[in-house]
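Read off the chains here:
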Amino acid sequence: MRIAVAGGTGTVGRHVVAIARERGHDVVSLTRAEGVDLVNGRGLDHALQDAETVIDVSGIQTMSTKKAVDFFTNATQNLLAAEKKAGVKHHVALSIVGIDKANSGLYAGKLVQEDEVKHGGIPWTLLRSTQFHEFVPMSIKAASMGPLVFVPTMVTQPVAAKEVAAALVDAVEAGPQGRITDLGGPRTEQLKGLVAAYLAKTQQKKRIVPLHVPGPMGKAMRNGGLIPAPGSAVGRQTFLEWLEAMDAA
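Residues numbered from 1 in each chain as written. Predicted model: local features only at pLDDT ≥ 70, side-chain atom pairs only at ≥ 80, totals over all residues. Heavy atoms only, no water.

In the contact formed by helix α3 (residues 65-86) and helix α4 (residues 105-118), the axes pass within 7 Å of each other and the chain directions differ by 25 degrees. Classed by the angle they form, the pair α3 and α4 counts as roughly parallel. Helix-helix and strand crossings are classified by hand; for α3 and α4 the assignment is right-handed. Across the interface between the two elements, T65, A68, V69, F72, T73, T76, Q77 and L80 from α3 touch G105, L106, A108, G109, K110, V112, Q113, E116 and V117 from α4. (Axes fitted to C-alpha atoms, helices over the stretch in contact; angles between N-to-C directions. Helix = DSSP H or I, 4+ residues; strand = E, 2+ residues; numbered from the N terminus. Parallel < 35°, antiparallel > 145°, perpendicular 65-115°, else oblique. Left-handed = near helix turned anticlockwise from the far one by under 90°. Contact = heavy atoms within 4.5 Å.)

Here the focus is unusual backbone geometry. Phi is positive for D50, which is not a glycine, with a value near 70 degrees. By relative accessible area, D50 is classed as exposed at 64%. Despite not being glycine, Q203 has its phi angle at roughly 55 degrees, a positive value. Tracing the backbone through its elements, the reader meets Q203 in the loop between α7 (191-201) and β12 (207-211). Here Q203 falls in the exposed class, since its relative accessible area comes to 72%. (Buried < 20%, exposed > 50% of the residue type's maximum accessible area, 1.4 Å probe, protein only.)

On to the pairing of strand β4 (residues 90-96). When you tally the buried positions in β4, you get 7 out of 7 residues, the bulk of the element. Side chains of β4 alternate between two faces, with H90, V92, L94 and I96 and H91, A93 and S95 buried alike. Examined bridge by bridge, strand β3 (residues 53-56) and β4 share 4 bridges and lie parallel to one another. Within the sheet, the bridge partner assigned to I55 lies in β4 and is V92. Where the polypeptide runs from β3 across α3 and back to β4, its parallel neighbour, the crossover connection is right-handed. (Pairing = 2+ DSSP bridges. Right-handed = clockwise from strand over helix to strand, strands pointing away.)

What follows deals with the side chain of Q131. Summarising the element assignment, Q131 is placed in the loop between β5 (124-129) and α5 (135-142). The class of Q131 is buried, set by a relative accessible area of 10%. Reaching out from Q131, the side chain makes a polar contact with the side chain of T156 at a distance of 3.4 Å. Those residues within four positions of Q131 in sequence are excluded, and the remaining contacts are I96, Y107, M154, T156, Q157, P158 and V159. (Polar contact = N/O pair within 3.5 Å; in protein donor to acceptor, adjacent residues only side chain to side chain.)

This is the structure:
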């Protein structure tokens, strides 16, 4: 089928595009580089011509609740409006495990996105996943100050971005299902340990400074509120296996 991927060059999006093409689908990527702007809707009508399904793995890197909410509200509304014009039959969106327990920042934006999808008038599927393995180097980059890296106390269950992408393409092929089983990685980990392992692997001499995040977000980080419930789908690749695979990449 013809599949449009919003955010097709991102951490998960690039895998979605590759896997869907490997399975014989006709794929178009919706990114600014391809002349599509989700926030103002520019280029969407043209890009969605003949598309049967849209996979939304677009995102924004921000800690601001307002910026996250604004982005996901505008992007999702514009996508759904263009999908209606184009006759799209299925909207698949990627969300995050535990967002209803930590309603701030990016998580607040994802909650708004989910609500827009559920009431957007297009048959839908929602997959919530845990953080990807790539979350660790991203968090190091964002939280470094000179030789120090500030690491929140956080229980996490990181999953391979490629496995999330495969699950999204599976969802496309299965048709609209509403919210499907959450997906997490194979092991529960402490973020501090993952950061230490990544710093050692990449030979970065930084000192880890534990960070106590206040409020509901911090509580969810510490008490396991951001890991999947028992019975959720489980990925295969561990964080350490991902680290070792970096050498071969």
